[in-house]
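Next come the chains, spelled out residue by residue.
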Amino acid sequence: MLVGIFALLISIVCFWASHKLIRLYFKVKKWSRIEAQIISKEVIYDANLIGGSSAGSKYTVKTEYQYEFEDKTYTNNKVMLAELLGGRFATLEWQAKKIADRIANPIKIYVNPQNPQESVIFCEGITLYFFIALMGFVAFLIGLVNII
């Protein structure tokens, strides 16, 4: 019974997170796509980062870029979609270096036309978000089986 309740709680969290991320993904895909100039970028180790799949997942890409939108200049530092939701991304060092290598001048970014101060470099990961929803469904089934 306890396993069933725990599995149902996990399914709720998975459904909520995947729903939020999938909606954000499609919203950002509709934003304006423009060029930006990289001001700085580096791979950093941050012991305070929470997340990732292992203890070594404490690396992130810190970047700053500048872009013009409707004759105004903006500066931002968002790389991944999760950062638009107030989160941060953490990964292994080699993965962070691979992401950093993809960030080169000039780079295409996504800019929110209603709020040009809001931008992000990468809008990807839809497969992962559907996988999270699938895991939520599996957890839901496990919860039902254990409660019934």
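Rules used throughout
- Residues numbered from 1 in each chain as written.
- Predicted model: local features only at pLDDT ≥ 70, side-chain atom pairs only at ≥ 80, totals over all residues.
- Heavy atoms only, no water.
- Salt bridge = Lys/Arg side-chain N within 4 Å of Asp/Glu carboxyl O.
- Helix = DSSP H or I, 4+ residues; strand = E, 2+ residues; numbered from the N terminus.
- Buried < 20%, exposed > 50% of the residue type's maximum accessible area, 1.4 Å probe, protein only.
- Pairing = 2+ DSSP bridges.
- Expected span 1.5 Å × (residues − 1).
- Contact = heavy atoms within 4.5 Å.
- Axes fitted to C-alpha atoms, helices over the stretch in contact; angles between N-to-C directions.
- Polar contact = N/O pair within 3.5 Å; in protein donor to acceptor, adjacent residues only side chain to side chain.
- Phe/Tyr/Trp six-rings, centres within 6.5 Å; stacked < 30°, edge-to-face > 60°.
- Lys NZ or Arg CZ within 6 Å of the ring centre and 35° of its normal.
- Parallel < 35°, antiparallel > 145°, perpendicular 65-115°, else oblique.
- Left-handed = near helix turned anticlockwise from the far one by under 90°.

Caption draft 1: Looking closely at the pattern of salt bridges. Inspection of every chain in the model, using the stated rule, returns 3 salt bridges. For Lys97, the salt bridge goes to Glu93, with nearest N and O atoms at 3.4 Å. Here Glu93 and Lys97 lie together in helix 3 (residues 93–102), a separation of 4 residues that amounts to about one turn. Judged by its relative accessible area of 42%, Lys97 is partly exposed. Of the charged contacts in the structure, one is a salt bridge between Glu124 and Arg102, with a shortest N-O distance of 2.9 Å. Taken as a pair, Glu124 in the loop between strand 5 (119–120) and helix 4 (126–147) and Arg102 in helix 3 lie far apart in primary sequence, 22 residues in all.

Caption draft 2: Just the pairing of strand 3 (residues 72–76), in detail. Pairing between strand 2 (residues 59–69) and strand 3: 5 bridges, direction antiparallel. Residue pairing in the sheet places Phe69 in a bridge with Lys72 of strand 3. The antiparallel pairing of strand 2 with strand 3 creates a hairpin that spans 2 residues between the two strands, and Glu70 there sits at a positive phi of about 50°.

Caption draft 3: Spatial organisation of helix 1 (residues 2–29). In this model helix 1 runs 41 Å from its N-terminal to its C-terminal C-alpha over 28 residues, within 8% of the 40 Å that 1.5 Å per residue would give. Of all the residues in helix 1, the buried ones are Gly4, Ala7, Ser11, Cys14, Ser18, Leu21, Ile22, Leu24, Tyr25 and Val28.

Caption draft 4: Focus on the sheet that holds strand 5. Spatially, 3-2-1-4-5 is the arrangement adopted by the 5 strands of the open sheet, whose pairing is antiparallel. Either end of the sheet is taken by a strand with one partner, and the two such strands are strand 3 and strand 5. Pairing analysis gives 5 bridges linking strand 1 (residues 32–45) to strand 4 (residues 107–111), with the strands arranged antiparallel. Within strand 4, the residue paired with Arg33 across the bridge is Tyr110. Helix 3 rests against strand 1, strand 2 and strand 4 of the sheet, and its axis sits at about 15° to strand 2.

Caption draft 5: Spatial organisation of the side chain of Ser119. Along the chain, Ser119 falls in strand 5. Looking at Ser119, its side chain comes within polar contact range of the side chain of Tyr65, at 3.0 Å. Among the polar contacts made by the side chain of Ser119, one reaches the side chain of Tyr67 at a distance of 3.2 Å. Aside from chain neighbours lying at most four places away, what touches Ser119 is Trp31, Tyr65, Tyr67, Asn76, Lys78, Leu84, Ile109, Tyr110 and Val111.

Caption draft 6: Structural view of the packing of aromatic side chains. Overall, the coordinates contain 4 aromatic pairs when judged by the stated rule. Each ring, one from Tyr25 and one from Phe26, has its centre 5.2 Å from the other, and the planes form 85°; the classification is edge-to-face. Measuring from ring centre to ring centre gives 5.1 Å for Tyr45 and Tyr59, while their planes differ by 65°; the resulting arrangement is edge-to-face. Taken together, the residues span a long stretch of sequence, with Tyr45 in strand 1 and Tyr59 in strand 2 at a distance of 14 residues. Accessibility expressed as a relative area gives 18% for Tyr59, which makes it buried. Ring-pair connections join several aromatic residues into one group, and the members of that group are Tyr65, Tyr67 and Tyr74. Against the face of Tyr110 rests Arg33, its NZ or CZ located 4.2 Å from the ring centre.

Caption draft 7: Region of the structure containing the packing of helix 1 against helix 4. Close contact between helix 1 and helix 4 brings their axes to 7 Å; oriented N to C, the two are set at 160°. What the angle tells us is that helix 1 and helix 4 run roughly antiparallel. Here the hand of the crossing between helix 1 and helix 4 comes out left-handed.

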